[in-house]
Amino acid sequence: MGNVDANRQPVGISVLGGPTTVVDLAGWRFVIDPTFDGPGVNGHLTKTSGPAIAASALGAVDAVLISHDDHVDNLDTEGRRFALDAPRILTNPGAAGRLGTSAQGLAPWESVQLHASDGRRAVTVQAVPAVHGPADGDRDAGGNVTCETTGFVLTGDGLPTIYLSGDNASLEAVADIAARSGPIDVAVLFAGAARVPGRQHERLLTLNSAWAAAAAEVLRAKLVIPAHIDGWAHVTEGVDDIRRAFEDAGISEVLGLAALGHWTVPPTPTSG
Ligand SMILES: [Zn+2]
């Protein structure tokens, strides 16, 4: 399988670094939370490594999914340029207003079906809740913990159902998604136990490793791919913590830990 390049996989998922993940599905190519800047200090956050694969190596994409546009670790300068070059951006409503005409805002549980004239199977992209901090945390003017954030669920006939969490620290949100959008075949969980001084009293802004394992169980996901576990100084848990948490939960067999920029191929769904 090897490294991600412009050639699309029938079904494949690859984390490029930080939250940035490529999803190939039935001829479609999606990228969530594009970040392609090199390492360095960016505002109050410090990036410690660049992407495993350059944006230019990806070729064309069909849609860029953006969980939130407020934080540079989810959308940086090069990532924003990449998104605005794409034919379509799907994101939360507030971010869509800021990003402009190529962006479509989806409220939680709202979905859009993507069709192509070339015979590719339709894929539905559903927005699902994401809570970017503790349940009792500081809220923005819109009532969102930290800021308006969305996850996504991708579905299609005969295709694995793929959940992309975005920056979410809420197991309640995960339980809602399992109930309303499940069964989930593949979960890409943004983990890493992000903590930022001065924000939410330095409490978790994303799942920690133990909660990621709990989320995997709640979702009954057959494959879990952790993202957002590297590349930034405020990410406090990495791949070893994830591995141990899934071992502790007795579910190591669902964990997909390909190297950054390498493909993971989900099992083919048995029905659908
Ligand atoms: Zn964020």
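Just above sits the structure.
Quick caveat, the model's predicted, so the values are computed rather than measured.

Cut-offs used in this document
Residues numbered from 1 in each chain as written. Predicted model: local features only at pLDDT ≥ 70, side-chain atom pairs only at ≥ 80, totals over all residues. Helix = DSSP H or I, 4+ residues; strand = E, 2+ residues; numbered from the N terminus. Core = buried A, V, L, I, M, F, W, Y, C linked by C-beta atoms within 7 Å. Buried ≥ 20, exposed ≤ 12 C-beta atoms within 10 Å, placed from the backbone. Contact = placed C-beta atoms within 7 Å. Pairing = 2+ DSSP bridges. Axes fitted to C-alpha atoms, helices over the stretch in contact; angles between N-to-C directions.

**Q** Describe unusual backbone geometry, with residues and values.
**A** At the junction of Gly-182 and Pro-183, the peptide bond is cis and its omega measures out at -5° in the coordinates. Its place among the elements puts Pro-183 in the loop between α3 (171–181) and β13 (186–190). Backbone geometry places Ala-26, a non-glycine residue, at a positive phi of 55°. Of note, Ala-26 is situated in the loop between β2 (20–25) and β3 (28–32).

**Q** Pulling in residues and values, what's your account of the nonpolar core?
**A** The biggest cluster of nonpolar side chains holds 81 residues, and the ones touching the most others in it are Val-64, Ala-187, Val-188, Ala-212 and Ala-215. It is helix α4 (residues 209–219) that contributes the most residues to this core, seven residues altogether.

**Q** Before we move on, could you go through the environment of Gln-9 and cite the residues and values that matter?
**A** Relative to the helices and strands, Gln-9 resides in the segment before β1 (11–17). On the basis of neighbour count, Gln-9 is assigned to the partly exposed category, with 18 C-beta atoms found within 10 Å. Contact partners of Gln-9, with chain neighbours within four places excluded, come to Asp-24, Trp-263 and Val-265.

**Q** Quick one: what's the story with the pairing of strand β11 (residues 150–155), residue by residue and with numbers?
**A** Most of β11 sits inside the fold, with six of its six residues counted as buried. Along β11, one buried face is formed by Thr-150, Phe-152 and Leu-154 and the opposite face, lined by Gly-151, Val-153 and Thr-155, is buried too. When strand β10 (residues 123–129) meets β11, the two strands line up antiparallel, connected through six bridges. Residue pairing for β11: Val-128 is matched across the bridge by Gly-151.

**Q** Go over the sheet that holds strand β14 (residues 223–227) with me, naming the residues and quoting the values.
**A** The mixed open sheet is built from six strands, whose spatial order is β9-β10-β11-β12-β13-β14. Pairing within the sheet leaves two strands with one partner each, and these edge strands are β9 (111–114) and β14. Across this sheet, the average inter-strand angle for adjacent strands is 20°, counted without regard to direction. Pairing of β11 with strand β12 (residues 162–164), which is carried by three bridges, proceeds in the antiparallel orientation. Residue pairing for β12: Val-153 is matched across the bridge by Tyr-163. Sitting on the sheet, α3 touches β10, β11 and β12, and the angle it makes with β10 is about 145°.

**Q** I'd like to hear about the pairing of β1, residue by residue, with values.
**A** β1 sits mainly inside the fold: seven of its seven residues count as buried. Where β1 folds back onto β2 in an antiparallel hairpin, the turn is made up of two residues, including Gly-18, whose phi is positive at roughly 60°.

By themselves, these observations are geometric and do not establish any function.
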